[in-house]
Amino acid sequence: MAHIIVVGNEKGGAGKSTVSMHIATALARLGHKTSVLDLDLRQKTIGRYLENRVDFCAKAGLDLPTPEYHELPEIDKETLKPGENIYDHRLSAAVATLEPDNDFILIDCPGSHTRLSQVAHSLADTLVTPLNDSFIDFDLLAHIDADGEKIKGPSVYSEMVWSARKLRAQAGLKPIDWIVMRNRLGAQRMVNKEKMERAVDNLSARIGFRVAPGFNERVIFRELFPRGLTLLDLKDVGVQKLNISNIAARQELREMMKSLKLPNVSVDF
């Protein structure tokens, strides 16, 4: 059975697709058969990322390890019973098809609340939530007082994850390993950054997630998208000497992958 990784956050701009692409490609490079589903049926950012990768490799004559991208299958509405949701069936059919032949299935969710995203969270063995270093983004997880110190209660996204956890428990499935990834961090040590660190750590103990490091804010990620590349591909495409920023970003990816603690994954890049 494949291990299902869901990358989710109901707020856009947190870097979900960049994180998804690097996790999936890292797993493929480590020899694990990995498939990807993109639940943003309109924008399909990670789908476009992987299409760019395939096109670039074909033109450059390269054979880079690449996760397989899959569209959700179409379902005949006439086969649905009263009250059944077609999106539930499209996602469950995709996962059922991919599970026997994959080590990992990565599901990239849209930056909004959708039925597909809600169902995907209940399927997650590992849930990765990239979080910008901002109290605007933190508000999606929990409400906090004016001083940024006291947590007043969980917010909409945390409540949705809680519902997903209850569904898994009722079905007798193992608990979700929820990881909140502090992403797109600035390089400077600022008061806001320190307050965010304390708030995330406090909330972690309260509602039950692990905190993991993500990526700093770097131009390189935007530059790699048109070719569908990741930090791990740079030497394969002719970059002989990495600059300091690229080396630091690779180290961030290494630490990120280690922090996920995925089954049977040895991070050796």
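My aim in this report is to walk through the structure given alongside it, one point at a time. (Residues numbered from 1 in each chain as written. Predicted model: local features only at pLDDT ≥ 70, side-chain atom pairs only at ≥ 80, totals over all residues. Heavy atoms only, no water.)

## Some remarks on the packing of aromatic side chains
Point 1. In the structure shown here, the tally under the stated rule is five aromatic pairs.
Point 2. On the numbers, 5.1 Å between centres and 85° between planes, the contact of Tyr49 with Phe225 is edge-to-face. Of this pair, Tyr49 sits in helix α2 (residues 45-60) while Phe225 sits in the loop between α8 (220-224) and α9 (244-260), and the two are 176 residues apart along the sequence.
Point 3. Judged by centre distance (5.9 Å) and plane angle (75°), the rings of Phe135 and Phe138 are edge-to-face. Remark: Phe138 and Phe135 occur in helix α5 (residues 135-138); sequence separation between them is three residues, near one turn of the helix.
Point 4. Through a chain of ring-to-ring contacts, three or more aromatic side chains come together here, namely Tyr157, Trp178 and Phe209.
Point 5. The ring of Phe56 has Arg227 lying over it, and the distance from NZ or CZ to the ring centre is 5.9 Å. (Phe/Tyr/Trp six-rings, centres within 6.5 Å; stacked < 30°, edge-to-face > 60°. Helix = DSSP H or I, 4+ residues; strand = E, 2+ residues; numbered from the N terminus. Lys NZ or Arg CZ within 6 Å of the ring centre and 35° of its normal.)

## Considerations on the pairing of strand β1 (residues 3-7)
Point 1. Judged by how many residues are buried, β1 sits mostly within the fold: five of five residues are covered.
Point 2. Residue alternation in β1 divides its side chains into two sets, His3, Ile5 and Val7 and Ile4 and Val6, and both sets are buried.
Point 3. Pairing between β1 and strand β4 (residues 104-108): five bridges, direction parallel. Residue pairing for β4: Ile5 is matched across the bridge by Leu106.
Point 4. The pairing of β1 with strand β5 (residues 126-132) spans three bridges and is classified as parallel. Within the sheet, the bridge partner assigned to Ile5 lies in β5 and is Thr126. (Buried < 20%, exposed > 50% of the residue type's maximum accessible area, 1.4 Å probe, protein only. Pairing = 2+ DSSP bridges.)

## Regarding α2
Point 1. Under the 1.5 Å per step criterion, the end-to-end length of α2 is 22 Å for 16 residues, consistent within 8% with the ideal 22 Å.
Point 2. If you check which residues of α2 are buried, you get Ile46, Gly47, Tyr49, Leu50, Asn52, Arg53 and Cys57.
Point 3. Directly after α2, the chain includes Gly61, whose backbone phi takes a positive value near 65°. (Expected span 1.5 Å × (residues − 1).)

## Observations concerning the packing of helix α1 (residues 16-29) against α2
Point 1. Two elements in contact, α1 and α2, have axes separated by 9 Å at closest approach and are oriented at 50°. The pairing of α1 with α2 is recorded here as oblique in orientation. Judged by the sense of rotation from one axis to the other, the crossing of α1 with α2 is right-handed. Of the residues in α2, those touching α1 at Ser17, Ser20, Met21, His22 and Thr25 are Thr45, Ile46, Tyr49, Leu50 and Arg53.
Point 2. The residue makeup of the contact of α1 with α2, split by class, is four nonpolar, five polar and one charged. (Axes fitted to C-alpha atoms, helices over the stretch in contact; angles between N-to-C directions. Parallel < 35°, antiparallel > 145°, perpendicular 65-115°, else oblique. Left-handed = near helix turned anticlockwise from the far one by under 90°. Contact = heavy atoms within 4.5 Å. Nonpolar A, V, L, I, M, F, W, Y, C, P; charged D, E, K, R; others polar.)

## Let's talk about the packing of α1 against α9
Point 1. Where α1 meets α9, the axes come as close as 11 Å, and the angle between the chain directions of the two elements is 80°. In terms of their interaxial angle, α1 and α9 are classed as roughly perpendicular. On α9, the residues touching Val19, His22, Ile23, Ala26 and Leu27 of α1 are Leu253, Met256, Met257 and Leu260.
Point 2. Taken together, the residues of the contact of α1 with α9 sort by class into eight nonpolar, one polar and no charged.

## Observations regarding the sheet that holds β1
Within a sheet, adjacent strands bond to each other through the backbone by hydrogen bonds, running parallel or antiparallel.
Point 1. The parallel open sheet is built from seven strands, whose spatial order is β3-β2-β4-β1-β5-β8-β9. Looking at the sheet topology across the chains shown, the edges are occupied by β3 (68-70) and β9 (210-213). When the angles between neighbouring strand axes are averaged without regard to direction, this sheet yields 25°.
Point 2. Sheet topology places strand β8 (residues 177-183) next to β9; four bridges connect them, and they run parallel. Looking at β9, one finds that Arg182 is bridged to Pro213.
Point 3. Sitting on the sheet, helix α6 (residues 156-170) touches β5 and β8, and the angle it makes with β8 is about 155°.

## Focus on the pattern of salt bridges
Point 1. If you walk through the whole model with that rule in mind, you get 12 salt bridges.
Point 2. Notably, a salt bridge pairs Asp233 with Arg29, separated by 2.9 Å at the nearest N-O pair. Highlighted residues: Asp233 in the loop between α8 and α9 and Arg29 in helix α1, separated in sequence by 204 residues.
Point 3. Taking the shortest distance from any N to any O, the salt bridge between Glu51 and Arg48 comes out at 2.8 Å. Of this pair, Glu51 and Arg48 both sit in helix α2, separated by three residues, roughly a single helical turn.
Point 4. With a relative accessible area of 38%, Arg48 lands in the partly exposed category. (Salt bridge = Lys/Arg side-chain N within 4 Å of Asp/Glu carboxyl O.)

## Here's the deal with the environment of Gly228
Point 1. With respect to the element layout, Gly228 can be found in the loop between α8 and α9.
Point 2. By relative accessible area, which is 0% here, Gly228 ends up buried.
Point 3. Through-space distance from the C-alpha of Gly228 to that of Lys81 is 40 Å; in sequence the pair is 147 residues apart.
Point 4. The residues contacting Gly228, other than those within four sequence positions of it, are Met21, Tyr49, Asn52 and Arg53.

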